[in-house]
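Inside the fold
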Amino acid sequence: MDRNEAVLRELNLYPQWVRRNQIAPVVAEPHAPEELLAVRPELVEGHGAPITVDSRQASTSSARAEINNIHTDPSVATPASQVDKLDWPELKQQVRDCTACKLRAGCTQTVFGAGDEQAEWLFVGEGPGADEDARGEPFVGQAGKLLDNMLLAIKLRRGKNVYIANIVKCRPPNNRNPEADEIATCLSYLQRQIELIKPKLIIALGKTAATALLGRDATLGSLRGTLHDYRGIPLLVTYHPAYLLRSPMEKAKAWQDLCLAVNTMAG
Ligand code: URA
């Protein structure tokens, strides 16, 4: 099996059907990066999605919370007002000490986020799973391995111009989705991280990250392929790596999203 075939097989795009009288193959030859092929051919170049700018998002976190139906209970000590001036060490300490929602009681440790604190690329997932809870680092399990390969596919590496964070910093029990009040309570930490990092592009991994950051509920399919705005920072939405592990047929679409991200960064 040659390299191209291996890549196409990985993407469930093999075999390529070629019209009898046609010289060129119907499917464009993939240009999968060497780094990716050397590790594992998870993704291959697809056709770029059209870029449209969506400026409809709410610009304040309260508006976002309102739109997203995230209502904070005033009796819960929301850290929002306490974090917006914090520097990195203070913010890390505050997250470590946080008991503002019920998630902290059920997790081993908080998972703050990791990577280059001046990164141009910010990837945002949902929340820690069992592996992340044990290690205190985001995306270190199977989904993390796929995320690493997605990064390699666009010549990025964890920690080098890349920061990885989650919407909630504590593992939800039994890997359930974080609830609206947990997201609302935790979101100000991520907002402060974004203010400090000042990334050039945010990539929301999955619907939870997308809806929390954009402040509106929509299907992931409808959010993909569009350049959104998070407080003046371009934001793209793609599939969560854990979903791609369950639905490998969607990897080709994820690759389209990554191509759009690279094109967006290239200006
Ligand atoms: N899934 C996430 O959303 N985040 C992690 O850190 C790990 C798995």
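Details of the structure are given in the entry above.
Report on the accompanying structure. The written sequence of each chain sets the order in which its residues are numbered from 1. Since the coordinates come from a predicted model, pLDDT governs what is reported: local features require at least 70, and pairs of side-chain atoms require 80 or more to be given and counted, while whole-chain, interface and lining totals use all residues. Just so you know, side-chain values use all the structure's heavy atoms and leave hydrogens and water out.

This brings us to the site of the ligand. For each residue, the test is whether any non-hydrogen atom lies within 4 Å of the molecule or strand; if one does, the residue is near. Lining the immediate surroundings of the ligand are Gly-125, Glu-126, Gly-127, Glu-132, Pro-138, Phe-139, Asn-166 and His-240. Within the contact set of the ligand, a nitrogen atom lies 2.8 Å away from a side-chain nitrogen or oxygen of Asn-166. At a separation of 2.7 Å, an oxygen atom of the ligand approaches a polar side-chain atom of His-240. Only the protein chains shown count as cover for residues, and all accessible areas are computed by the Shrake-Rupley method using a 1.4 Å probe. Protein burial of the ligand: of its 240 Å² of free accessible surface, 91% is covered by the chains. In the analysis that follows, any N or O atom pair within 3.5 Å is treated as a polar contact, provided that within protein one partner can donate a hydrogen and the other can accept it, and provided that, for residues neighboring in sequence, both atoms belong to side chains.

Of note, the phi angle at Asn-161 is positive, near 65°, even though the residue is not glycine. Each helix is a run of H or I in the DSSP string that is no shorter than four residues. Each strand is a run of E no shorter than two, and both are numbered from the N terminus. Within the secondary structure, Asn-161 is located in the loop between α8 (142-153) and β4 (162-166). Only protein chains enter the area calculation, which uses a 1.4 Å probe; residues under 20% of their type maximum are buried, those over 50% are exposed, and those in between are partly exposed. Classification of Asn-161 by relative accessible area gives partly exposed; the value is 25%. Positioned with a positive phi, Arg-231 is a non-glycine residue whose angle comes to about 45°. The topology assignment puts Arg-231 in the loop between β6 (227-230) and β7 (233-238).

Along the chain, the position of Glu-132 falls in helix α7 (residues 130-135). Charge counting treats Lys and Arg as positive and Asp and Glu as negative, with His and both chain ends excluded. By salt bridge we mean one thing: a side-chain nitrogen of Lys or Arg within 4 Å of a carboxyl oxygen of Asp or Glu. Within the buried set, Glu-132 has no salt-bridge partner at all; the shortest N-O distance to an opposite charge, 7.0 Å, is to Arg-171. A polar atom in the side chain of Glu-132 sits 2.9 Å from the backbone nitrogen of Val-140. With residues near it in sequence (within four places) discarded, Glu-132 still touches Val-111, Glu-137, Pro-138, Phe-139, Val-140 and Gly-141. The contact criterion used throughout is that any non-hydrogen atoms of two residues lie within 4.5 Å.

Okay, the pairing of strand β5 (residues 201-205) next. Of all the 5 residues making up β5, 5 are buried; the element is thus mostly covered by neighbouring parts of the structure. Neither face of β5 is open: one carries Leu-201, Ile-203 and Leu-205, the other Ile-202 and Ala-204, and all of them are buried. When DSSP finds two or more bridges between two strands, those strands count as paired. Relative to β5, strand β3 (residues 121-125) is paired through 4 bridges, and the arrangement is parallel. Residue Trp-121 lies in a different strand from β5, and its bridge partner there is Leu-201. The pairing of β5 with β7 spans 4 bridges and is classified as parallel. For Leu-205, the partnering residue across the bridge sits in β7 and is Thr-238.

The subject of this paragraph is the nonpolar core. Core analysis: the largest hydrophobic core is formed by 66 residues, its most contacted members being Trp-121, Phe-123, Ile-167, Ile-202 and Leu-213. Among the elements that take part in this core, helix α9 (residues 180-197) stands out by supplying 7 residues, more than any other. Setting aside chain neighbours within four positions, we find Ile-167 in contact with Val-124, Gly-125, Glu-126, Ile-183, Cys-186, Leu-187, Leu-190, Thr-208, Ala-209, Ala-212 and Leu-213. Remark: nonpolar core denotes a set of buried residues (Ala, Val, Leu, Ile, Met, Phe, Trp, Tyr, Cys) joined through side-chain atoms within 4.5 Å.

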